[in-house]
Each structure stands twice: as structure tokens, then as C-alpha cells.
Amino acid sequence: MSMQEITQYLDDKIEKNENIIEITFFEVRVKMNLTEEETQEFLRLCKTRLENLGYMVYFTGARYNYGGRSKVVETNNLMIALKEEN
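Below you will find a few notes about this structure. Because the structure is a prediction, the values reported are computed rather than measured.

1. Examining the pattern of salt bridges
(1) Moving on: A complete count under the given rule lists five salt bridges for this structure.
(2) Moving on: The salt bridge involving glutamate 27 is made with lysine 13; its shortest N-O contact spans 2.7 Å. Of this pair, glutamate 27 sits in helix H2 (residues 25–31) while lysine 13 sits in helix H1 (residues 3–16); the two residues are 14 residues apart in sequence, bridging distant segments of the chain.
(3) Moving on: The partner of glutamate 41 in a salt bridge is arginine 44, and the shortest N-O contact between them spans 2.7 Å. You can see glutamate 41 and its partner arginine 44 sitting in helix H3 (residues 36–52), three residues apart, about one turn around the helix.
(4) Moving on: Since its relative accessible area comes to 36%, glutamate 41 is described here as partly exposed.
(5) Moving on: By relative accessible area, arginine 44 is classed as partly exposed at 45%.

In C-alpha cells form, the structure reads like this:
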């Protein structure tokens, strides 16, 4: 997957909801048909881009606070990115 494709993928996600970005196992492993190695590289590149855009990034099993509640990134989500509050 090229950087241009990753950028477009993330831009589409941000357009739908700029406050919280969810990247699911189904999207990446089934729809995009990425291998485990390709998935790790995809997530690494997504993390870098999202952090540069001011997002806090969390992976499967991580705890985070959203909407005043403590949550955990569930196993069906590979990554959650939350827009940082200024």
C-alpha cells in the first residue's frame, strides 16, 4: 500500500469523524487483504501521520479516556486515534 493510498484512507476516515478514528481488523486484514507484516507497516505509517495531525494513538488492549469515560481498545480494533484537545 502506497503512502498516497494511506493518506487517502486516513483523509476519508477524518472526513467521516475527525474526533475519533477507528481502524478495524476487518478493514485491514479482510477488506484490504494485508498480511500480518503489511498490517504492522500500515499501522506504523498511520500512527505517524495521525500523530503529526495532532491525534493520540492507541492500539489493541490500550486504555484511553474519551467522553469522560475510561475505555479499552477492543480486539476487533487495531487502532483508535483521538483528536487532542487544545
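2. Some remarks on the pairing of strand S4 (residues 69–72)
(1) Moving on: In the sheet, strand S3 (residues 63–66) pairs with S4 via four bridges, with the strands oriented antiparallel. When the bridges of S4 are listed, asparagine 65 appears paired with serine 70.
(2) Moving on: Connecting the antiparallel pair S3 and S4 is a turn made up of two residues, with glycine 67 showing a positive phi of about 65°.

3. Describing the sheet that holds strand S1 (residues 20–24)
The pairing of strands in a sheet comes from backbone hydrogen bonds and takes either a parallel or an antiparallel form.
(1) Moving on: Strand order in this open sheet of three strands is S1-S5-S2, and the pairing throughout is antiparallel. Of all strands in the sheet, those bounded by a partner on one side alone are S1 and strand S2 (55–59). With strand direction ignored, the average angle separating the axes of adjacent strands in the sheet is 15°.
(2) Moving on: Here S1 pairs with strand S5 (residues 77–83) via five bridges, running antiparallel. Bridge pairing in S5 places glutamate 22 opposite isoleucine 80.
(3) Moving on: Against the sheet, H1 contacts S1 and S2, and its axis sits at roughly 130° relative to S1.

4. Points about the nonpolar core
(1) Moving on: In terms of nonpolar packing, the biggest core is built from 18 residues, with Leu10, Ile21, Ile23, Phe42, Cys46, Leu50 and Met79 touching the most fellow members.
(2) Moving on: Among the elements that take part in this core, H3 stands out by supplying five residues, more than any other.
(3) Moving on: Ignoring anything within four residues of it in the chain, the contact list for leucine 50 reads Leu10, Ile14, Ile21, Tyr55, Val57, Met79 and Ala81.
(4) Moving on: Among the nonpolar cores identified, the runner-up in size contains six residues, and Tyr58, Tyr64, Ile80 and Leu82 belong to it.

Calculation notes
Residues numbered from 1 in each chain as written. Predicted model: local features only at pLDDT ≥ 70, side-chain atom pairs only at ≥ 80, totals over all residues. Heavy atoms only, no water. Salt bridge = Lys/Arg side-chain N within 4 Å of Asp/Glu carboxyl O. Helix = DSSP H or I, 4+ residues; strand = E, 2+ residues; numbered from the N terminus. Buried < 20%, exposed > 50% of the residue type's maximum accessible area, 1.4 Å probe, protein only. Pairing = 2+ DSSP bridges. Axes fitted to C-alpha atoms, helices over the stretch in contact; angles between N-to-C directions. Contact = heavy atoms within 4.5 Å. Core = buried A, V, L, I, M, F, W, Y, C linked by side-chain atoms within 4.5 Å.

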